[in-house]
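Here are the chains, one letter per residue:
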Amino acid sequence: MQRKALSGLPLPPLKEITLCNNKRKVFYMRRLWNRKLLLHKAALPHLPLLLFMLFMFVTPLVLMLNDSFRNYNYARPSNLGAYVGVQNYSKVLHNSAFWQSVGRLVTFVMIALTAEMVLGIVLAHVLKDIKHSRPLLSILLIPTMAAPIVVGLLGRFVFNNSFGIVPSVIELVFGTRPMLLSVPILAYTVLATVEIWHWTPLLTLIFYSGLISLPQDPYDAAKVDGASFWQAFRYLTLPMLMPVIVAGIIIRGIDLFKIFDEILVMTGGGPGTATELLNFFIYKTAFRSWNVGHASAIGVIMVTIMLPVVYIFYNTIGGGREAR
Amino acid sequence: MFFSKRCVVMLVVLTAVVTLGSVIFGGSLEPRQQQMLDEFRANTAAAEFYDQVKAAYDGTTISAATWAGPQNEGIERYLPVFAELTGIIVNYNTFQFDLVTEKVKMDAVAKAGNYDLVEIAYQHLGWFAENDFLVPTKVFMENDTLRSPILNRDDITWATWQASSWYDDVCYGFPSVACSMYLWYRKDLFEDPTEKANFLAEYGYELAPPETWEQFKDIAKFFTRKKGKTLAGEVLKRNVYGTAVQGKRSDALTCEWLVYAWAFGGGVFKGGIPSKENLIINSPGSVAALEFYKSLLEFSPPGTLEYDYEGPTTAFQQELVVGLCVEWNDQGFGLEDPTKSMVVGKMGYGAVPMEVDQTTQGLPCVSHWGGWTQSVPKYSKHPEAAYLLSQWIISPITEPFLTADLAVIPLRESTYSVLPEVANIAPVAATGDALKCTHYRPRIPEWGEMEEEMRIALSRCLIGELSPQEALDWLYSRYMEILE
């Protein structure tokens, strides 16, 4: 029977392989050819998607990279577009305002992410133990349906000192009306609170889906062994739920790094620079100062920091291989 | 069948009725629009001109990006008249203050040509002009087929036009908004006998619109009262305040503080001439102005650091602030609107006091110019049609309609003679005085970045992160870097 490769091309008979080195070479080259062909065949259906991704994701990155090495400062339009080497990077990296905005963003992400994770897991547990929890889950998901700009506006009204409901309630209870959006630390906290309120339901949904799909047998066994709720949670739920938790952390982490609309509407980066997080700093550099070269350099730095962080996180904590 | 036959018939009939209705009634003009159209047609020269325009541009569609101010709401109302006259369809987009500037700048940088006519705040004109993003108006004015016979350029208030639309002796459009800042005060309380007597007893001089900044502060302090005290014979049910500061990190903050800076002999550039050598942002006058400005927080509502343009307006409307403040004239119309305001007819408007030796400045008071211009961008797809629109908006027939409807500040001298009652509207009358002592923000391309840094410096000072001297020293060093 003649041997056929998967591609349909005939391979030389097996006995010929051993005849001489040249024939062996031919064999290996043919095998390589067939593998390539196979690869091409497999890749072909994905080609439109690959091209789309190349166009949509890679092109802007390449353009941004190009702009980051050029002078695109429209406030000083002479020599516009000229190649300036790493000058933009140098200026950005020596700018204390940039590092401060990075620090504020990282702190913000850590605070909001931790709070959302904890609240998400707690709420998911509570919902899991409630009968007919689906209507509750639907109600809980309402904030996630609102656009960030709407949430920002809502936050601006709710926390407004003059007519906001939150300062009114605090005044009713404690007798003093706080200036929630005028004091730096409070404005920062309010921003984080709004973000947590907006997106915790999403994590709740993700964790809830993970929890209800966990096998029951290990819990039954743990119960027989006399494990407490906390022990079951610590040694069973958390490890089994870890891939879901990591997915949640990555999704929300990336999303939190992009926070912008709420800042623009609620505080405008103020008071002072208290809520001027990195994205707002980029926006300010690009669209208020119109220094597109600097803004591009900051964007490239941000991507450079983000990609390895996500990669390492996914592969070390999340057991990425298993998930794959 | 998903739909019954009867249902389909009803849908068809309904669609036909709606289409027919929109064809019959949708095309017809409102009485005011019809009146404007009749005035254009009654003017022989204008009618002939627009007949020729219609023949050339009928069916053209243009797009405009403008600021969401009262002027543009009025213009939108009368666009069907322009369409009737010229055959040009206009997509008139209005955006919030910061957004319109961003949009039109982005459109220019991308060379997209999404907008055929753009509205630009005068302080950003230098950015557009230096980047060669605008078509000089001369190009259109020299074209006989585009020049309206009723334009009458001499009738446009020259100071307003120059301040809004000219850069380096080149005209880039027609003025569209004439804003200026002046003093707001509660006239009824200033005239109240009890309040007057109490003020005289406490401060030793008559209660009247302030002529010095010390008087300004005295009045702010005098009207700051706790719940339970009396105001004009009435017991207060909540705390009230003597003034309001627009303390949010926004352009409102920089606009307001600059009035104080100029009044105290400070500012950005000495003599308004932009150069590193002329920087006076941390001069003693500027520092004194910021110290004074910050001291007013004591007599402002607790939420004053969240206020932008609308903050003081709302506070006055709701009688939370009952003294005085410095504000924009266009916000004044909100105070005289009975559907929104509790202080209709109770407000007085006047000049902002000048602290420094008036002879050096040559001005009796201080005001802040905030005009806009409507210009044609270089990448406009229909530049001529866009110019025709801007020319129609400023025409001596259109403006009185806009003014009468919305009480916007006239840009033509003749409008005051056509509508003499306009001059008696309180916010308009005070504008005339304010325009006599107007100061301007720099119009250099760097101003966008400089203004952003000023917001930060002022905000950091108001929240107590930096002292006035530290804040302005920091700003000075940033300006030196920017102007390098």
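Here is what the cut-offs are and how they apply
- Residues numbered from 1 in each chain as written.
- Chains lettered and ligands numbered in written order.
- Predicted model: local features only at pLDDT ≥ 70, side-chain atom pairs only at ≥ 80, totals over all residues.
- Heavy atoms only, no water.
- Contact = heavy atoms within 4.5 Å.
- Buried area = accessible area lost by both parts, 1.4 Å probe.
- Salt bridge = Lys/Arg side-chain N within 4 Å of Asp/Glu carboxyl O.
- Polar contact = N/O pair within 3.5 Å; in protein donor to acceptor, adjacent residues only side chain to side chain.
- Helix = DSSP H or I, 4+ residues; strand = E, 2+ residues; numbered from the N terminus.
- Nonpolar A, V, L, I, M, F, W, Y, C, P; charged D, E, K, R; others polar.
- Buried < 20%, exposed > 50% of the residue type's maximum accessible area, 1.4 Å probe, protein only.
- Arc of directions from axis to C-beta.
- Pairing = 2+ DSSP bridges.
- Axes fitted to C-alpha atoms, helices over the stretch in contact; angles between N-to-C directions.

### Some thoughts on the interface of chain B and chain A
Between chain B and chain A, the contact holds 32 residues from the first and 32 residues from the second. Taken as a group, B:Glu102, B:Arg249 and B:Glu306 account for 25% of the area that chain B buries against chain A, more than any other trio of residues on that side. Inspection of the region where chain B meets chain A yields seven salt bridges. Across the salt bridge formed by B:Glu453 and A:Lys284, the nearest N and O atoms sit 4.0 Å from each other. The interface formed by chain B and chain A holds 16 residue pairs in polar contact (both at pLDDT 80 or more) in total. Only helix H5 (97–109), helix H6 (125–130), helix H21 (447–462) and helix H22 (468–482) of chain B provide two or more residues apiece to the side of chain B that touches chain A. Per-element tally for the side of chain B that touches chain A: the top contributor is H21(B), with eight residues. By residue class, the composition of the side of chain B that touches chain A is 11 nonpolar, four polar and 17 charged.

### Observations concerning helix H8 (residues 148–158) of chain A
All names here are of chain A. Within H8, burial applies to Val151, Gly152 and Gly155. One face of H8 carries all of its buried residues, which in axial projection span an arc of 105°. Buried-residue contacts for H8 involve helix H10 (184–212) and helix H13 (261–266).

### A few points about the pairing of strand E7 (residues 181–186) of chain B
Residues and elements named next belong to chain B. Counting buried positions along E7 yields six of six residues, so the element is predominantly enclosed. Both E7 and strand E10 (residues 324–328) contribute to a ladder of five bridges, which runs antiparallel. Residue pairing in the sheet places Tyr185 in a bridge with Leu324 of E10. By the bridge criterion, four bridges tie E7 to strand E11 (residues 347–350) in an arrangement that is antiparallel. Within the sheet, the bridge partner assigned to Trp184 lies in E11 and is Tyr349.

### A closer look at the sheet that holds E11(B)
All names here are of chain B. As summarised here, the arrangement of the three strands in space is E10-E7-E11, forming an open sheet in which the pairing is antiparallel. The sheet is open, and its two edges are formed by E10 and E11, each paired on a single side. Taking each pair of neighbouring strands and ignoring which way they run, the sheet shows an average axis angle of 35°. The sheet strands contacting helix H11 (residues 213–222) are E7 and E10, and the helix crosses E10 at an angle near 110°. On top of the sheet, helix H14 (residues 310–317) reaches E7, E10 and E11; it is set at about 130° to E10, its chief contact.

### A word on the sheet that holds strand E3 (residues 117–121) of chain B
Note on sheets: strands pair through backbone hydrogen bonds, and any given pair is parallel or antiparallel. Residue and element names in this part refer to chain B. Taken in spatial order, the five strands of this open sheet run E2-E1-E3-E13-E6, and their pairing is mixed. If you trace the sheet from one side to the other, it starts and ends with strand E2 (89–95) and strand E6 (174–177), each paired once. Strand-to-strand, the axes of this sheet are offset by a mean angle of 25°, without reference to chain direction. Across the face of the sheet, helix H4 (residues 70–86) comes into contact with strand E1 (61–67), E2, E3, E6 and strand E13 (372–375) while running at roughly 175° to E2. This element, H5, spans E1, E2, E3 and E13 of the sheet and lies at about 135° to E1.

So, to be careful, I would describe these as geometric facts and stop short of saying anything about function.
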